[in-house]
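Letter by letter, the chains look like this.
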Amino acid sequence: MNAAEAQAIARAFLPAHPLGNRYDYYYTRTKLRTDPLYPGVLAALRGTAAPLLDLGCGLGLLAHALRADGQALDYHGVDIDAAKIRRAVAIAQRSQLHGTRFDVVDLGQSWPEHRGSVAILDVLQYLQADVQAGLIRKAAGMLAPGAKLVIRSGLGDDSRRGRTSRVSDFLAHFSGWMQELPKSFPTRDSLQRQLDDAGLQATFSPLYGNTPFNNWLVVAGR
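Calculation notes
Residues numbered from 1 in each chain as written. Predicted model: local features only at pLDDT ≥ 70, side-chain atom pairs only at ≥ 80, totals over all residues. Heavy atoms only, no water. Helix = DSSP H or I, 4+ residues; strand = E, 2+ residues; numbered from the N terminus. Buried < 20%, exposed > 50% of the residue type's maximum accessible area, 1.4 Å probe, protein only. Pairing = 2+ DSSP bridges. Axes fitted to C-alpha atoms, helices over the stretch in contact; angles between N-to-C directions. Contact = heavy atoms within 4.5 Å. Expected span 1.5 Å × (residues − 1). Polar contact = N/O pair within 3.5 Å; in protein donor to acceptor, adjacent residues only side chain to side chain. Parallel < 35°, antiparallel > 145°, perpendicular 65-115°, else oblique. Left-handed = near helix turned anticlockwise from the far one by under 90°.

Trainee: Just to check I follow, could you spell out the environment of Gly 20 for this structure?
Mentor: Within the element layout of this structure, Gly 20 appears in the loop between helix 1 (3-10) and helix 2 (23-34). A residue is classified by how much of its surface remains accessible, and Gly 20, at 28% relative accessible area, is partly exposed. As for Gly 20 and Gln 128, which are separated by 108 residues in sequence, their C-alpha atoms are 38 Å apart.

Trainee: Looking at this structure, how should I read the sheet that holds strand 6 (residues 201-206)?
Mentor: In any sheet, the strands associate via hydrogen bonds between backbone groups, in a parallel or an antiparallel arrangement. The strand order across the open sheet formed by seven strands is 3-2-1-4-5-7-6, and the pairing between neighbours is mixed. Sheet topology places strand 3 (100-104) and strand 6 at the edges, where each strand pairs with a single neighbour. Averaged over all neighbouring strand pairs, the angle between strand axes comes to 15°, with direction disregarded. With respect to the sheet, helix 6 (residues 129-142) is in contact with strand 1 (52-55), strand 4 (117-121) and strand 5 (149-154), its orientation differing from that of strand 4 by roughly 155°.

Trainee: Looking at this structure, I do not really get helix 5 (residues 82-94). What am I missing?
Mentor: For an α-helix the count is 3.6 residues per turn, leaving residues at separations of three or four pointing the same way. Its 13 residues give helix 5 an end-to-end C-alpha distance of 18 Å, which sits within 8% of 18 Å, the value for a rise of 1.5 Å per residue. Considering only its buried residues, helix 5 is in contact with helix 4 (61-68), strand 2 (75-79) and strand 3. N-capping of helix 5 is provided by Asp 81, with a side-chain oxygen placed 3.1 Å from the backbone N of Ala 83. Looking one or two residues beyond helix 5, the residue adopting positive phi is Gln 96, at roughly 55°.

Trainee: So what exactly am I meant to see when it comes to the packing of helix 3 (residues 37-45) against helix 4 here?
Mentor: Two measures define how a pair of helices packs: the angle their axes make with one another and the distance between the axes. Two elements in contact, helix 3 and helix 4, have axes whose closest approach is 10 Å; the angle formed by their N-to-C orientations is 60°. Taken together, the axes of helix 3 and helix 4 are oblique relative to one another. Both helix 3 and helix 4 take part in a crossing whose hand is right-handed. Here Tyr 38, Val 41, Leu 42 and Leu 45 of helix 3 lie close against helix 4, whose contacting residues are Leu 61, Leu 62, Ala 65 and Leu 66.

Set out below in structure tokens:
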């Protein structure tokens, strides 16, 4: 995103008190400026009207980006990190972000009920391969007519980008930003097979931007 768009969204993550912790603000502003994730996901969801389930939502940044993009989809974000969910709820309430809700969910143990579109962004590598396949099947069953399954994931391979993605995700855990260690990076073939088995047609697009990571955007539907 350009600087003005990123700043407008990130401003919601400023602390309520002038002397409060500004980590979330600087994190979201930097992520919006450097990561091509949000422009890619916003483009994929434009034209859909179904409610969106964001699996692994973190601070709920996607909800803010959707509203800034003029997309009024009902939004439900879930994440394993209770501290992030508490902050997501507080920020959404303070920003009067209507049509949003957040819950703590461990996707390695259970999945919420939903009917609409589904976003799985930077989550799959934190799940075992069999759990990944089950989540894809569950998400496919959630899709309403015209809805989309939008996935952003680092894909496992022996390229320099693939190695960089693996190291980065391990560092995110050891720094304390991510609670979970990566467990299994999906390959393009394994992810394509899971989507085919779920009866979905998918497009794969590289989503590197100016980053060194092996990130891909996958958009699937019936």
